[in-house]
Amino acid sequence: MEILILVVVVACILLALIPRYIAVRGRTEAPPKPAPRPSPLAPTGPAAASSTATVEAPARIGDRIGKTRERLAGAVRSLRSRSTLDGTVWDELEEALLSADVGVGTTTALLDGLREQVTAGAIEGPDALIDALKADVEARLVGDRSLAVSEDGTTVWLFVGVNGVGKTTTIGKLAKREVDAGKSVVLAAGDTFRAAAGQQLGIWGERTGADVVQGQDGGDPSSVIFDAVQRAAARGADLVMADTAGRIHTKSNLMEELRKVRRVADRDPGDVTEVLLVLDATTGQNGLAQARQFTEAVEVTGVVLTKLDGSARGGIVIAIQDDLGIPVKLVGLGEQAEDLIVFDPHEFVDALFEG
């Protein structure tokens, strides 16, 4: 009798477990779902390696210069709240412009011009004063921001700057933009002294599909760039983008070496149409000193200002162009390749004086 009862209990348990076993087996043995098909608009080839699952909106200066804007916002709000323009207005504006690293010379010139207009009655009221200041700043930023190409040689863009400003990364981001635009690009790993600089540029070459020419660690950077120009000419490439080792702008021997690099890069069939100085926006007025020294050495044609999104010293844009006449052509607003964009003076000034 006890055996019969035990058999019945076991049978009941088995009957209760059978549906659960079937459900589990069904889940584990169900065929996998097919992988989603890529959108016909999704990037393919080398560009796909650097893309993300979601398409990011293009970076905008107005959305990324909050730290610099904060330096001016208080003065702008205070000025707009006034009913008249008294003597304290100039002190507040001067302090705000200097704190944003517009520079003493440019700040003085801006405020002197505004004072004259107020005295002459051409400016009446706070809003008119702010509008006039914005117009003057934007006028000082007028310039050609295109990147020149050679008409009869192999175009070479040479990138220079001190250590740690992001030259190699800037080259990689710009290479992606040029390749995406249909250009054939050769990257010259002319920074032969920094460990892994060539490897870093090689990774960008893989991401973008650009050809990369490297030399021996510690080797002559001029020879690497010369070889890159020869390869580009032989293959009919559109553009050579040449990296150089970071160097302290006050060291005359290093700057003389850079002069040699430029001369070699400019030898036929090479044609150096751009010498782009890469500056870290967080360095502020020190960037102006760097720009002056590099310009004297290699005739800088434009500035790439990196880390503008993380700097409270974005006024250096105004100081560089006003003092040296060198346009800021590109600005870095983040880590992604798409965050390196052409500098837009109108958008920059509008965002700078929001308050």
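Before reading on, note that the structure itself is shown above.
Conventions adopted
Residues numbered from 1 in each chain as written. Predicted model: local features only at pLDDT ≥ 70, side-chain atom pairs only at ≥ 80, totals over all residues. Heavy atoms only, no water. Axes fitted to C-alpha atoms, helices over the stretch in contact; angles between N-to-C directions. Helix = DSSP H or I, 4+ residues; strand = E, 2+ residues; numbered from the N terminus. Parallel < 35°, antiparallel > 145°, perpendicular 65-115°, else oblique. Left-handed = near helix turned anticlockwise from the far one by under 90°. Contact = heavy atoms within 4.5 Å. Nonpolar A, V, L, I, M, F, W, Y, C, P; charged D, E, K, R; others polar. Phe/Tyr/Trp six-rings, centres within 6.5 Å; stacked < 30°, edge-to-face > 60°. Lys NZ or Arg CZ within 6 Å of the ring centre and 35° of its normal. Buried < 20%, exposed > 50% of the residue type's maximum accessible area, 1.4 Å probe, protein only. Pairing = 2+ DSSP bridges. Salt bridge = Lys/Arg side-chain N within 4 Å of Asp/Glu carboxyl O.

Caption draft 1: Here's a closer look at the packing of helix H9 (residues 221-235) against helix H10 (residues 252-265). With their axes 9 Å apart at the nearest point, H9 and H10 run at an angle of 20° to one another. Regarding the angle of H9 to H10, the classification is roughly parallel. The way H9 lies across H10 gives a crossing that is right-handed. Every residue of H10 that contacts H9 at Pro221, Ser222, Ile225, Phe226 and Val229 is listed here: Lys260, Val261, Val264 and Ala265. A class-by-class count of the residues in the contact of H9 with H10 yields 7 nonpolar, 1 polar and 1 charged.

Caption draft 2: Local environment of the packing of aromatic side chains. Applying the stated criterion across every chain, the model contains 1 aromatic pair. It is Arg207 that lies over the ring of Trp204; its NZ or CZ is 4.7 Å from the centre.

Caption draft 3: Representation of the pairing of strand E5 (residues 270-280). Counting buried residues in E5 gives 10 out of 11 residues, a clear majority hidden from the surface. As defined by bridge partners, strand E1 (residues 154-160) adjoins E5 across 7 bridges and the pair is classed as parallel. In the strand pairing of E5, Val160 is matched with Leu277. Direction of pairing for E5 relative to strand E6 (residues 302-306): parallel, over a ladder of 5 bridges. Among the inter-strand pairings, Asp280 is bridged to a residue of E6, identified as Thr306.

Caption draft 4: Region of interest: the pattern of salt bridges. All chains considered together, the criterion is met by 25 salt bridges. Between Asp86 and Arg82 there is a salt bridge, with its nearest N and O atoms 3.1 Å apart. Accessibility expressed as a relative area gives 34% for Asp86, which makes it partly exposed. For Asp101, the salt bridge goes to Arg313, with nearest N and O atoms at 3.7 Å. A residue pair is termed long-range when its members are at least 10 positions apart, and Asp101 in the loop between helix H4 (88-99) and helix H5 (104-119) and Arg313 in the loop between E6 and helix H12 (316-324) qualify at 212 residues. On the basis of relative accessibility, which here comes to 36%, the residue Arg313 falls in the partly exposed class. In this structure, a network of salt bridges that share partners links the residues Arg60, Asp63 and Glu347.

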